[in-house]
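Examining the three-dimensional arrangement
Each chain, written out:
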Amino acid sequence: WYKKAAEQGDARAQCILGFCYDKGQGVTQSYEQAVEWYRKAAEQGNANAQRNLGICYEYGQGVPQSYEQAVEWYRKAAEQGDANAQCNLGFCYHKGQGVPQSYEQAVEWYKKAAEQEFARAQCNLGFCYDKGQGVTQNYEQAVEWYKKAAEQGDARAQCILGVCYHKGQGVPQSYEQAVEWFRKAAEQGDAQAHFCLGDYYEKGLGVEINLQKAKE
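We now turn to the structure provided with this report. (Residues numbered from 1 in each chain as written. Predicted model: local features only at pLDDT ≥ 70, side-chain atom pairs only at ≥ 80, totals over all residues. Heavy atoms only, no water.)

**A word on the side chain of Gln86**
Relative to the helices and strands, Gln86 resides in helix 6 (residues 83–95). Accessibility expressed as a relative area gives 4% for Gln86, which makes it buried. Here Ala113 takes part through its backbone nitrogen, which lies 3.3 Å from a polar atom of the side chain of Gln86. At a separation of 3.0 Å, a polar atom in the side chain of Gln86 contacts the side chain of Gln116. Among residues more than four places away in sequence, those in contact with Gln86 are Ala78, Gly81, Trp109, Lys112, Ala113 and Gln116. (Helix = DSSP H or I, 4+ residues; strand = E, 2+ residues; numbered from the N terminus. Buried < 20%, exposed > 50% of the residue type's maximum accessible area, 1.4 Å probe, protein only. Polar contact = N/O pair within 3.5 Å; in protein donor to acceptor, adjacent residues only side chain to side chain. Contact = heavy atoms within 4.5 Å.)

Below, the structure written as structure tokens:
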């Protein structure tokens, strides 16, 4: 059905068909075919396809790697309000990939995505406040954004929030709260959180000393 609709020019079907080729779902995996269908949909203004085509260019999947092309397609999707693309565009500005490096522009795009409850952007925006990149340094604001992302299940944000509680940075110092967030992140396989949790069990910070758990 998707292929028929896609061949008839339906942009949403073209994007879905591109995704099927991208992930090898129901068809033989092919980045080249994915790009072909994403491009057809993207040129019709489909924001999901524009963002996915940007990802293909960023990682050189099915096309020669090009940050400039990635930025071009991310921007088209971002300007249509696609939160994922806004976050990706923000990251390009953060790192100066395909655009002149600008923390201010990074913050602007992270903010647009973060306000749409996009967890990765919330975490990145927290990091900007944490380090004073593109905004006035503010630990309380950093924690606010980390917490929003962490509560949505973002493992990186959960681990960083644990560190904030450990240091008492932007929040009252609490080993118990730190353990709670390290545990959530570790359960998702976050390596740094695993290390921090092991350290806590070894030293008895916020938990009883448990050398068996420390080794785990």
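**Some details on unusual backbone geometry**
The general pattern is negative phi for most residues beyond glycine and trans for most peptide bonds. Located in the positive-phi region is Glu117, a residue other than glycine, with phi close to 70°. Note that Glu117 resides in the loop between helix 7 (103–114) and helix 8 (119–131). On the basis of relative accessibility, which here comes to 47%, the residue Glu117 falls in the partly exposed class.

**Quick look at the pattern of salt bridges**
Side-chain pairs of opposite charge can arise whenever the charged atoms involved come near each other. In total, this model carries two salt bridges according to the counting rule given. Here Arg51 ties to Asp82 by a salt bridge, and the two come within 2.9 Å at their closest N and O atoms. You can see Arg51 sitting in helix 4 (residues 47–59) and its partner Asp82 sitting in the loop between helix 5 (67–78) and helix 6, a full 31 residues away along the chain. Among the ionic pairs, Lys203 bridges to Asp199, the shortest N-O distance being 3.2 Å. Remark: Asp199 and Lys203 occur in helix 12 (residues 191–203); sequence separation between them is four residues, near one turn of the helix. Overall, Asp199 belongs to the partly exposed group, its relative accessible area being 24%. (Salt bridge = Lys/Arg side-chain N within 4 Å of Asp/Glu carboxyl O.)

**Structural notes on helix 6**
For helix 6, which comprises 13 residues, the first-to-last C-alpha distance of 18 Å matches the rise-based estimate of 18 Å (1.5 Å per residue) to within 8%. Summarising burial for helix 6: ten of the 13 residues are buried, a large majority. The opening residue of helix 6 is Asp82, an N-cap whose side-chain oxygen sits 3.3 Å from the backbone nitrogen of Asn84. Gly96 lies just past helix 6 and shows a positive phi near 70°. (Expected span 1.5 Å × (residues − 1).)

**Quick word on the packing of helix 7 against helix 8**
Direction vectors running N to C along helix 7 and helix 8 enclose 140°, while the axes themselves pass 8 Å from each other. By the angle class used here, helix 7 and helix 8 are oblique. Helix 8 is crossed by helix 7, and the crossing has left-handed handedness. Here helix 7 contributes Val107, Tyr110, Lys111, Ala113 and Ala114 to the contact with helix 8, which in turn contributes Ala121, Gln122, Asn124, Leu125, Cys128 and Tyr129. Of the residues contributing to the contact of helix 7 with helix 8, the split by class is eight nonpolar, two polar and one charged. (Axes fitted to C-alpha atoms, helices over the stretch in contact; angles between N-to-C directions. Parallel < 35°, antiparallel > 145°, perpendicular 65-115°, else oblique. Left-handed = near helix turned anticlockwise from the far one by under 90°. Nonpolar A, V, L, I, M, F, W, Y, C, P; charged D, E, K, R; others polar.)

Scope: geometric values only; no functional claims are made or implied.
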